[in-house]
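Below are the chains, spelled out letter by letter.
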Amino acid sequence: MATDPYAWLEQSLTTIRKADWYRSVQTINGTPGATVLLGGREVINFASNDYLGLAGDQRLIKAGVAATQEFGTGSTGSRLLSGHRELHRQLESAIASLKQTEDAIVFSSGYLANLGAIAALVGKRDLILSDQYNHSSLKNGAILSGAAVIEYPHCNVTALRNQLIENRQNYRRCLILTDSVFSMDGDLCPLPELLDLADEFSCMLLVDEAHATGVLGKTGAGCVEHFGCTGKQLIQIGTLSKALGSLGGYVAGSATLIDFLRNRAPTWIYTTALSPADTAAALAAIEIVQQEPQRRTQLWANVDYLKKLMQAQVAELKLLPSASPILCFQLPSAAAALAVGKSLQEAGIFAPAIRPPTVPTSRIRISAMATHQATHIDQLVAALGEFVIRNQGI
Ligand SMILES: *Cc1c(COP(=O)(O)O)cnc(C)c1O
């Protein structure tokens, strides 16, 4: 008797449910902002990566609509065939100018930028050293490349140095991979120390600025600017979908690097170019990032206010170390994180539970936006206070 070759799917879902790891989507209506309509009800939004509040900005919307009217909805092909438009080049120049690099290249998402760049830069004879808390796209890029992969303990430069001493000479090229702002923790990579190690051991260094671009640094260029490392040799990756409010990803670096990626990155060569609307919206966003630093100032003022209020009123909730608008507090189990997320939502606060396998330990992740009002933050902390009172001991 032949068995049903798909029966394992239902069994696997049952296991996922039993572990409280089951996931499903929640529907949001209307334009994104500091408050959103979630399941038909207005909630204060602490779940978004739209740090500067640009995804619902009229200027981005207008740019997207105008580009659609002028160039159509789809780009109809890969960049090397029928997909390239002047808009793509303008966006790449704008990214290079924001990052102060020689050039940049845009991909259809940040995930694809990481897969494509990593797979192009190293192969079977090479070594990747990767922070254990890196984003899924860095981890899967490392697997796709075929290089030997060693994870180093989170942000631990001493351990990384020892791994380099032990392993570097056995490989041809070496690539160090790290998030710059860790997406599910909120802390920063030790960039100056990583650059020194890369120098000493002749390694390439790739930093993922997904949550830093538009947010960190005086001009919003990211963590590299924040640490005063602008102009150093390294590979910067990022997304157009977080603070830039659009969709797409990029790599920024030397002209040679970018030229090489145009010839060797499979996730750029063999995929359809960014749509005109996404490209134009991202271009409008970069202009706003450069011309309206007050958005960044307001974002950081909100982060400060939120941290101080939490320390004063819900000190029981131990925040993970953070130097970004991402603030997380840990909970003892996936079930507990789900329960807290649900009770916050009932109190009109959208701050999701993040569970394994995304992270090793379950937590609530709060992200601040420039467009939050003080009253939004007050309501979040009041709701967290209610939760603490009800659960003395957590
Ligand atoms: C979100 C994210 C990505 C993926 O970017 P997309 O454009 O959403 O595909 C990559 N790296 C990190 C660190 C991220 O947080």
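Residues numbered from 1 in each chain as written. Predicted model: local features only at pLDDT ≥ 70, side-chain atom pairs only at ≥ 80, totals over all residues. Heavy atoms only, no water.

## Some remarks on the UniProt feature "modified residue: N6-(pyridoxal phosphate)lysine" (unreviewed entry) in the chain
- Within the UniProt annotation, "modified residue: N6-(pyridoxal phosphate)lysine" (unreviewed entry) is assigned to Lys242.
- Structurally, the position occupied by Lys242 is in the loop between strand 9 (235-239) and strand 10 (249-253).
- In this structure Lys242 comes out as buried when scored by relative accessible area, which is 14%.
- Contacts of Lys242, omitting those with residues within four sequence positions, involve Asn49, Asp50, Tyr51, Ala210 and His211. (UniProt positions renumbered as here; feature names shortened; annotations may be inferred. Helix = DSSP H or I, 4+ residues; strand = E, 2+ residues; numbered from the N terminus. Buried < 20%, exposed > 50% of the residue type's maximum accessible area, 1.4 Å probe, protein only. Contact = heavy atoms within 4.5 Å.)

## Quick notes on the sheet that holds strand 7 (residues 174-179)
- In spatial order, the strands read 4-10-9-8-7-5-6; together these seven strands make up an open sheet with mixed pairing. This sheet does not close on itself; its edge strands, each paired only once, are strand 4 (103-107) and strand 6 (148-152). Averaged over all neighbouring strand pairs, the angle between strand axes comes to 20°, with direction disregarded.
- Two elements, strand 7 and strand 8 (residues 204-208), share five bridges in a ladder whose sense is parallel. Counted as the bridge partner of Thr178 is Val207 from strand 8. (Pairing = 2+ DSSP bridges. Axes fitted to C-alpha atoms, helices over the stretch in contact; angles between N-to-C directions.)

## Considerations on the sheet that holds strand 1 (residues 28-29)
- Pairing is mixed in the open sheet, where four strands are placed in the order 1-2-3-12. The open sheet is flanked by strand 1 and strand 12 (349-350), the only strands paired with a single partner.
- The pairing of strand 1 with strand 2 (residues 35-38) spans two bridges and is classified as antiparallel. If you follow Ile28 over to strand 2, its bridge partner there is Leu38.

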